[in-house]
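Listed here are the chains, written in short residue letters.
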Amino acid sequence: MAFQAKKLINDPNDVVTEFIEGLVETYPGLQYLDGFPEVKVVLRADVTPATYNKVAIISGGGSGHEPANSGFVGEGMLTAAICGDIFSSPPVDSILAGIRAVTGPMGCLLIVTNYTGDRLNFGLAAEQAKSEGYKIETVIVGDDCALPPRGIAGRREAKQASEMVGTMGVALSVCTLPGRVTSDRLGPGKMELGLGIHGEPGAAVADLQPVDVIVSHVLKQILSTETNYVPITRGSRVVLMINGLGGTPLSELMIASGKAVPKLQLEHGLAVDRVYTGSFMTSLDMAGFSISIMKADQTVLQRLDAPTKAPYWPVGVDGNHPPAKIPVPVPPSRSLKSEEPLGRPLQLNPQGQMLEVAIEAAAKAVIEIKDSLDEWDSKVGDGDCGSTMYRGAKAILDDIKNYPLNDAAETVNEIGSSIKRVMGGTSGILYNIFCKAAYTQLKASTQSAAMSKKWAEALEAAIAAVSKYGGASAGYRTLLDALIPALAVLQERLNAGDDPTTAFLLSSEAAVAGAESTINMQAQVDILADAGRSSYVSGEKLASVPDPGAMAVASWYRAAALAVKDKYQAS
């Protein structure tokens, strides 16, 4: 039975911004960027990029999980938190604003939760920030033990501490978004194991059990030697966190903690060095809790015990109250990097001429294959791959007259801007990430390196970025199944001494072969881009249809190679 939820709010659309205003009024060590409603960034009041001599630590994601992440901003923890709308990843421009606001010469570490939107938007922001000269590193945290560890839908590897943590949640109700109706889809007397933090269906629905039984099941799931979610064995030292999901009284959380500690000690043979109980990462008003277990050593414990002024770990309210908001920083001026203005040169050099024919040929090839891409995509996805790629190709042809074609790096960057303007969805973000990573690599290349080597390095960097943020690799039925073999052949032929034109042409044949091989591939569950949709299609249908994203790559890559060959032979 659904009914209107009772909420102490004004306009549901203003919940996040009004929360931030209240937060910074409460805690004098925090400020926010004056960019509402698009830019919602909470940051330390004592940090400015010009004077900050430490690595900035930034995290964020959709709101509704308070106190995460804004409540963990403060000396000793996060430097800034990027807030999206309720359960929505923050936009790229908001993430960039946060990076620019706090990142000094030591650079910035982005801590990204393992959700598609966060991975893509933070990934694109990271590549954009790198292209602006910032030092950026990224850690993707995925510690969900409710899903089986297979494919990229299971557990993805992050770095260091995140590899030592396992988590599983139990919910007694779903959450209610501001302005929406409440629904008890679980029904009376039911609980859901592994329910997602946004209310996504979990691994199983079961009859409600005493908390003692629930805690035992969750601990066994996390510490299972069969699934090996975390490298914790008998004799290990661990840290325990009991986290309320938003609608569970502290008394019930303490009961869970009291039951979990002796079970870890007696049944699993573990030394429990620290226990954290409270609400750290919630899901609005969801009833339930999650349990996290982290393998610990002396270094980990020292880090956890380090002092912090982050208001929710623990609360810190001392200090003078600075202005509540500060201006949103603007991107660095390009005039500081180069005296040559962007735009088409009066006269193209040989490299510019070659780049022009390659870009035009690639874009036209995509336009010609539009209907085929849509047809293939209609059988394995939502049928818009060709239309989406067509918009990007048309924009490139419209904008090429203004591209700085004598500068390869800036031209690639402008192609990304054209794509960003008109291509929506996952494809648009992935191609933008591709261009940003290639641009950054081209800018970093040494002047003495051969241009063909620079292009190969740029392609390698672009593929790595798409794989990193998209979560796919070879054999997952995505555009990478065309790009990866193309790169392998390109590098092989250049290293063998082939002339660049021949190497490019041979690599384009590999791209075509790789794309066509996707007919025989089964997409992985929860993969991004086209395979995200293909993963739910029967193998019989997939056996007759290539991946549209891979075929699009093969088309523009092959067309560019043939155009370069013709131009080279004519010159």
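Anything mentioned here points back to the structure above.
Residues numbered from 1 in each chain as written. Predicted model: local features only at pLDDT ≥ 70, side-chain atom pairs only at ≥ 80, totals over all residues. Heavy atoms only, no water.

Undergrad: Give me the lowdown on the sheet that holds strand E8 (residues 165-171), citing residues and values where you can.
TA: Strands sit in the order E11-E10-E8-E14-E12-E13 across an open sheet of 6 strands; the sheet is mixed. At either margin of the open sheet sits one strand with a lone partner, and together these are strand E11 (204-207) and strand E13 (271-278). Averaged over all neighbouring strand pairs, the angle between strand axes comes to 20°, with direction disregarded. Of the pairings in the sheet, the one linking E8 to strand E10 (residues 190-193) comprises 2 bridges and is antiparallel in character. Bridged to alanine 171 within E10 is glutamate 192. Across the sheet, helix H4 (residues 211-222) is in contact with E8, E10 and strand E14 (288-296); its angle to E14 comes to roughly 40°. (Pairing = 2+ DSSP bridges. Helix = DSSP H or I, 4+ residues; strand = E, 2+ residues; numbered from the N terminus. Axes fitted to C-alpha atoms, helices over the stretch in contact; angles between N-to-C directions. Contact = heavy atoms within 4.5 Å.)

Undergrad: Can you lay out a negative patch on the surface for me, pointing to particular residues and giving the numbers?
TA: On the surface, Asp11, Glu18, Glu21 and Glu25 cluster together into a negatively charged patch. Within the secondary structure, glutamate 21 sits in helix H1 (residues 15-26). (Patch = residues over 30% accessible without salt bridge, like charges linked within 9 Å, V, L, I, M, F, W, Y side chains within 5 Å. Areas by Shrake-Rupley, 256 points an atom, 1.4 Å probe, with all protein chains shown as cover. Salt bridge = Lys/Arg side-chain N within 4 Å of Asp/Glu carboxyl O. Lys, Arg positive; Asp, Glu negative; His and termini not counted. Charge placed at Lys NZ, Arg CZ, Asp CG, Glu CD.)

Undergrad: Tell me about unusual backbone geometry, residues and numbers included.
TA: Following phenylalanine 36, the chain continues into proline 37 via a peptide bond in cis, with omega recorded as 0°. On the secondary structure map, proline 37 appears in the loop between strand E2 (30-33) and strand E3 (41-44). Each neighbour pair has its own omega, and for glutamate 66 with proline 67 the value is 15°, a cis peptide bond. Its place among the elements puts proline 67 in the loop between strand E4 (56-63) and strand E5 (80-86). Notably, asparagine 228 is not glycine yet its phi reads approximately 55°, a positive angle. Residue placement: asparagine 228 occurs in the loop between H4 and strand E12 (237-244). Residue classification places asparagine 228 among the exposed positions, given a relative accessible area of 54%. Positive phi values are uncommon outside glycine, yet leucine 284 reaches one of about 55°. Its location among the elements puts leucine 284 in the loop between E13 and E14. (Buried < 20%, exposed > 50% of the residue type's maximum accessible area, 1.4 Å probe, protein only.)

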